[in-house]
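The primary structure of each chain is shown beneath.
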Amino acid sequence: MQQTLLGLAALSLAIAFNLPFALLAARFDYPDILRRPAGEVLDTFAAGGSALILAWYAFALSAVGLVFFAPALALGTADWTRRPGLAVASALLGTLAGLAQAVGLFRWVFAVPALATAHADPMTDAATRASLETAFTLLNGWGGVAIGEHLGQILTLGWITLAALQAMSGGQRFARTAAVPAALAVAGIGLGLGEGLSLALGREAPLLAMATVAGYLAFSLWLLATSAGLVAHSFFPPRQPL
């Protein structure tokens, strides 16, 4: 029963991540809009209204869900006792990954709306708009690129690697199959790290941004494979040697 619940949690996390992501892609042109001029981003955000803020809130909550799911996955089965160091490291990295990404995403809920509203106000003068755009650029660079994306991605690829290794060492069903999307996720997210560094160096890297999206798509597939493996392991446990 415990592994069944973990499997359903993995499925829920995949849905919680992809549903708001799809809404943001449709209504906010996310993630492409993040690299456009600050004024355009702020005005587009203001036009999205409350529905867009709620979509960002839901997206941030999916990262909060990772904070709870990662340690549950690492320590919620008897298999973790085989390699406790690996399990504890996996739980720690997954928790930190969720926190880093949540911090970055919550800026769209609690900081960006005020900037966007003031920027879209017809009474705001040009100098104030320029200041608001500068504030957004700094906020996006630190809270978004540095913490949410770069640090969050480093921790996430570390967590996926350790979680996949733990599943394989514990003999979980479909663990080897799930290792394929896990490896693709690590490769894509790892390549995507170069985008943030490229931006810091004053260069755009759209191909690296695409690698990040592909990596998180593979991450979703890994969650689905992990979900299936946990449920199958619960209903059809491996035979114990006589």
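Structure: see above.
This one's a predicted model, so the numbers in the text were calculated from it and none came from an experiment. Here the residue numbering is sequential within each chain, running from 1 through the sequence in written order. In keeping with the model being predicted, local features are shown solely for residues with a pLDDT of at least 70 and side-chain atom pairs are shown and tallied solely at 80 or more, while totals for entire chains, interfaces and linings include all residues. Values reported for side chains reflect all heavy atoms of the structure, with hydrogen atoms and water molecules removed beforehand.

Undergrad: Is there a simple way to explain the environment of A72 in this structure?
TA: Its location among the elements puts A72 in helix 2 (residues 38-75). Put simply, A72 and A9 are 63 residues apart on the chain and 9.4 Å apart in space, counted from C-alpha to C-alpha. Going along the chain from the N terminus, every DSSP run of H or I of four or more residues is numbered as a helix, and every run of E of two or more is numbered as a strand.

Undergrad: Just checking my understanding: could you explain empty space enclosed by the protein for this structure?
TA: Leftover empty space is mapped by rolling, across the atoms, a probe with the size of a water molecule. Definitions used throughout: a 1 Å grid over protein atoms alone; a cavity as a set of points that fits a 1.4 Å probe which cannot get out; a pocket as an open set with protein on both sides within 12 Å along at least five of seven lines; a lining residue as one with an atom within 4 Å of a point. Grid points are joined across faces, edges and corners, and a volume is the space filled by probe spheres set on the points. Across all of its chains, the model carries two cavities of 30 Å³ or more by this definition. Looking at the second largest cavity, its volume works out to about 40 Å³. Together, R35, V145, E149, H150, Q153, G192, L193, E195 and G196 line the second largest cavity. Grouping the constituent residues of the lining of the second largest cavity by class yields two nonpolar, four polar and three charged. Think of it as three bins: nonpolar holds Ala, Val, Leu, Ile, Met, Phe, Trp, Tyr, Cys and Pro, charged holds Asp, Glu, Lys and Arg, and polar takes everything else, Gly as well.

Undergrad: I keep staring at the layout of surface pockets and nothing clicks. Help me out?
TA: One number sums up the size of the largest pocket: a volume of about 790 Å³. In terms of lining, the largest pocket is formed by 37 residues, of which the most central are F21, Y30, P31, T212 and Y216. If you list the elements that add at least two residues to the lining of the largest pocket, you get helix 1 (2-28), helix 2, helix 3 (84-110), helix 5 (126-169), helix 6 (175-200) and helix 7 (206-235). Per element, the largest residue contribution to the lining of the largest pocket is nine residues, and it comes from helix 7. The residue inventory of the lining of the largest pocket, partitioned by class, reads 21 nonpolar, ten polar and six charged. Empty space within the second largest pocket amounts to approximately 190 Å³. In terms of lining residues, the second largest pocket is bounded by L34, R35, R36, P37, A38, F136, T137, N140, G141, V145 and L199.

Undergrad: How should I be thinking about the packing of helix 4 (residues 112-120) against helix 5 in this particular structure?
TA: Packed helices, taken two at a time, are described by the angle between their axes plus the distance between the axes. Interaxial angle, 0 to 180 degrees, is taken between N-to-C directions of lines fitted to C-alpha atoms, where a helix line uses only the stretch in contact. Where helix 4 contacts helix 5, the two axes come as close as 10 Å, and the packing angle between them is 155°. The pairing of helix 4 with helix 5 is recorded here as roughly antiparallel in orientation. The chirality of how helix 4 crosses helix 5 is left-handed. On helix 5, the residues touching V112, L115, A118 and H119 of helix 4 are R129, L132, E133, A135, F136 and L139. A class-by-class count of the residues in the contact of helix 4 with helix 5 yields seven nonpolar, one polar and two charged. Just so you know how the angles are binned, under 35 degrees is roughly parallel, over 145 roughly antiparallel, 65 to 115 roughly perpendicular, and the rest oblique. For any helix crossing, the convention is left-handed if the near helix is rotated counterclockwise from the far helix by under a right angle, and right-handed if that rotation is clockwise. Should any heavy atoms of two residues lie within 4.5 Å, those residues are considered in contact.

Undergrad: Even after reading the chapter, I still don't get helix 6, so can you show me in this structure?
TA: Every α-helical turn comprises 3.6 residues, leaving residues that sit three or four positions apart pointing alike. To estimate the expected span of a helix, subtract one from its residue number and multiply by 1.5 Å. With 26 residues, helix 6 ought to run about 38 Å at 1.5 Å a step, and its terminal C-alpha atoms sit 38 Å apart, in line with that. Three or more residues of helix 6 are buried, namely A175, A178, P181, A182, A185, G188, I189, G192, L193, E195, G196 and S198. Looking one or two residues beyond helix 6, the residue adopting positive phi is G202, at roughly 80°. Burial classes follow relative accessibility: with a 1.4 Å probe on protein chains only, a residue under 20% of its type's maximum area counts as buried, one over 50% as exposed, and anything between as partly exposed.

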